[in-house]
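Results of the structural survey
Now for the letters of each chain:
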Amino acid sequence: MTATHINQEHTSSYYAASANTAKPYPSLEDNTSVDVCVVGAGFTGVATALTLAERGYSVALLEANRIGWGASGRNGGQLINGIGGLGDIQKKHGDGIADLLWDMRWRGNEIIRERIAKYAIDCDLRDGYVEVARKPRQIADIEETAEERERRGFPYRYEVWDRAKTSEMLGTDAFHGGFACYRDGHVHPLNLCAGQARAAHSLGAQIYEQSPVIDIEHGSRPKVWTAGGSIEADAVVLAGNAYNRLEPKHLSNLVFPAGSYIIATEPLPDEVANEINPADVAVCDLNNVVDYYRLSSDQRLLYGGACNYSGRDPASIEAFIRPRMLKVYPQLKDFKIEYEWGGSIGIVLNRIPAVGRINGNVYYCQGYSGHGVTGTHLMGEIVADAVGGTLERFDLFADMKHFRLPGSHWMGNQIIALGMMYYKLRDML
Ligand SMILES: Cc1cc2nc3c(=O)[nH]c(=O)nc-3n(C[C@H](O)[C@H](O)[C@H](O)COP(=O)(O)OP(=O)(O)OC[C@H]3O[C@@H](n4cnc5c(N)ncnc54)[C@H](O)[C@@H]3O)c2cc1C
């Protein structure tokens, strides 16, 4: 991790400003021993630690900054089914595993909803997510999604919106149609992450913040080192995603950090909120380089998008994102932007999360390519299964081949920037 990525407080996001109050966890100042040590307390690490704690393992969770400091506490909060790579996995293994993959696609949603209910996590969960077509050709994607739901007898509410309905439901003529799914939805991601950490802690998990792991000593019981202490465990789980710099021999050049940025308006009056989003759904377009937005519980519009692959943050996030928001909602031109922030997405070239094991007992899973709120929760369960010896779902991902870009992170970003320029051009056509 770089110096700007350790021992930090939360970024200046709307989420940090509206986080439920919580006592910070201590940093590691001791040498101790547990069954499983998890490194990184975003959704992947927290979900893994909680699943293991629920199953009776002794667990330690080490975070370089604060719980949910990375992408998990900064994202669009869009709860969208699925995880990258399922299509490729099906191509490799055949239609015989189609039902297993379909279940995996929805498992992350289920886990999140179960945990919010079980642990009474206050995180503004709302039902409803709409994929919108910005180009007439994207209507075909919507029809395909609807056909698949029908074929599968999808038990939850979904709707296809034509252009008029989309305009009525979203208060804009920017879209040609939409697919609304009410099993997907949106949440306050930082409060969801912190609430699950609290649940893991209540089940006995040791949690350490501002404790960056600097080294791993491999062996039959690997030992993880921070500046202040060490933890020995039967298994270690690396969940640092785009911020991970550990195990470079195995993990460098697999996952590349890309910036994504969000602005939050001041709270909108009821009549404006009702005009632009009366059903209070999350919205994401079907472009390759997506724009996404939703209302917060206090009726701000949180509008995000425009991935930046150059490795440099824009000088003003507001100047970068606001014009995109005004293209969809010119009626918001007089509302102030009160928060702006960004975070690092872990991009994998083939969009399949990079999952595997080093020396048999150091597990890693990272690289959700910007679509990880539900996928990380599925992965937490899959990794916990693997630690317990059940590798069926883990190996589906671990056996997938990845293309490594030789060279440094910097070189990788330049190449990805070029690749994304190609996709941006395609979006414009
Ligand atoms: C702006 C933005 C918007 C997004 N919007 C959406 C969305 O709406 N819907 C969606 O599905 N996905 C979205 N994503 C993607 C989603 O947020 C991520 O896929 C997901 O949060 C990844 O979780 P994670 O736990 O793997 O990684 P992170 O949340 O990034 O957590 C990694 C953690 O590991 C810690 N760490 C790293 N190295 C070490 C170390 N050596 N020692 C200790 N700790 C370490 C870091 O400090 C960090 O807290 C978005 C991402 C961004 C950045």
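The model shown is predicted, which means the values in this text are computed figures rather than measured ones.

Looking now at the site of the ligand. Close to the ligand lie 46 residues; G40, G42, G70, G76 and G372 are nearest. Elements supplying a minimum of two residues to the shell around the ligand: α2 (43-54), β11 (256-265), β15 (337-347) and α11 (373-387). Per element, the largest residue contribution to the shell around the ligand is four residues, and it comes from β15. Residue composition of the shell around the ligand, by class: 20 nonpolar, 24 polar and two charged. Residues from two domains meet in the shell around the ligand; each of domain 1 (3-75 + 190-253 + 352-398) and domain 2 (126-186 + 256-347 + 405-429) gives at least three.

Formed by 123 residues in total, the largest nonpolar core has its most connected members in V36, C37, V39, V46, V59 and L61. With eight residues, α11 is the largest single contributor of residues to this core. Shared between two domains, this core holds at least three residues of each, these being domain 1 (3-75 + 190-253 + 352-398) and domain 2 (126-186 + 256-347 + 405-429). Apart from residues lying up to four places away in sequence, L61 is in contact with V38, A41, G45, V46, A49, A200, A205 and I207.

Tracing the backbone through its elements, the reader meets N75 in the loop between β2 (59-62) and β3 (78-79). Classification of N75 by C-beta neighbours within 10 Å gives buried; the count is 28. Remark: the alpha-carbon pair of N75 and G229, spanning 154 residues in sequence, is separated by 31 Å.

Here the focus is unusual backbone geometry. One non-glycine residue, N7, adopts positive backbone phi at about 55°. Relative to the helices and strands, N7 resides in the segment before α1 (14-17). On the basis of neighbour counts, which here come to 15 C-beta atoms within 10 Å, the residue N7 falls in the partly exposed class. In this structure, D280 is a non-glycine residue whose phi angle is positive, near 55°.

A separate point is the environment of L203. Inspection of the secondary structure assignment puts L203 in the loop between α7 (189-202) and β7 (206-208). According to the C-beta neighbour criterion, L203 is partly exposed, with 17 such atoms within 10 Å. Taking the C-alpha atoms as reference points, L203 and A53, separated by 150 residues in sequence, lie 6.1 Å from one another. Residues within four places of L203 in sequence aside, it is in contact with A53 and E54.

Let us look at the environment of R351. With respect to the helices and strands, R351 occurs in the loop between β15 and β16 (354-358). According to the C-beta neighbour criterion, R351 is partly exposed, with 16 such atoms within 10 Å. Sequence separation of R351 and M379 is 28 residues, and the distance between their C-alpha atoms is 15 Å. Excluding its chain neighbours within four sequence positions, the residues that come into contact with R351 are G84, G85 and S369.

Of all eight residues that make up strand β4 (residues 126-133), six are buried, and the element is covered over most of its length. In this structure, β4 lies alongside strand β6 (residues 177-186), joined through seven bridges in antiparallel fashion. Paired with A133 across the bridge in β6 is G177. Of the strand pairs in this sheet, β4 and strand β12 (residues 282-285) are connected by four bridges, and their pairing is parallel. Looking across to β12, one finds that Y129 is bridged to A282.

What follows deals with the domain arrangement of the protein chain. Per the domain assignment, the segments making up the protein chain are domain 1 (3-75 + 190-253 + 352-398) and domain 2 (126-186 + 256-347 + 405-429). The distance between the C-alpha centroids of domain 1 and domain 2 comes to 28 Å. Between domain 1 and domain 2, the residue contacts involve 18 residues of the former and 17 residues of the latter. Split into classes, the residues belonging to the side of domain 1 that touches domain 2 amount to six nonpolar, eleven polar and one charged.

What counts as what
Residues numbered from 1 in each chain as written. Predicted model: local features only at pLDDT ≥ 70, side-chain atom pairs only at ≥ 80, totals over all residues. Near = placed C-beta within 6 Å. Helix = DSSP H or I, 4+ residues; strand = E, 2+ residues; numbered from the N terminus. Nonpolar A, V, L, I, M, F, W, Y, C, P; charged D, E, K, R; others polar. Domains from an automatic or database assignment. Core = buried A, V, L, I, M, F, W, Y, C linked by C-beta atoms within 7 Å. Buried ≥ 20, exposed ≤ 12 C-beta atoms within 10 Å, placed from the backbone. Contact = placed C-beta atoms within 7 Å. Pairing = 2+ DSSP bridges.

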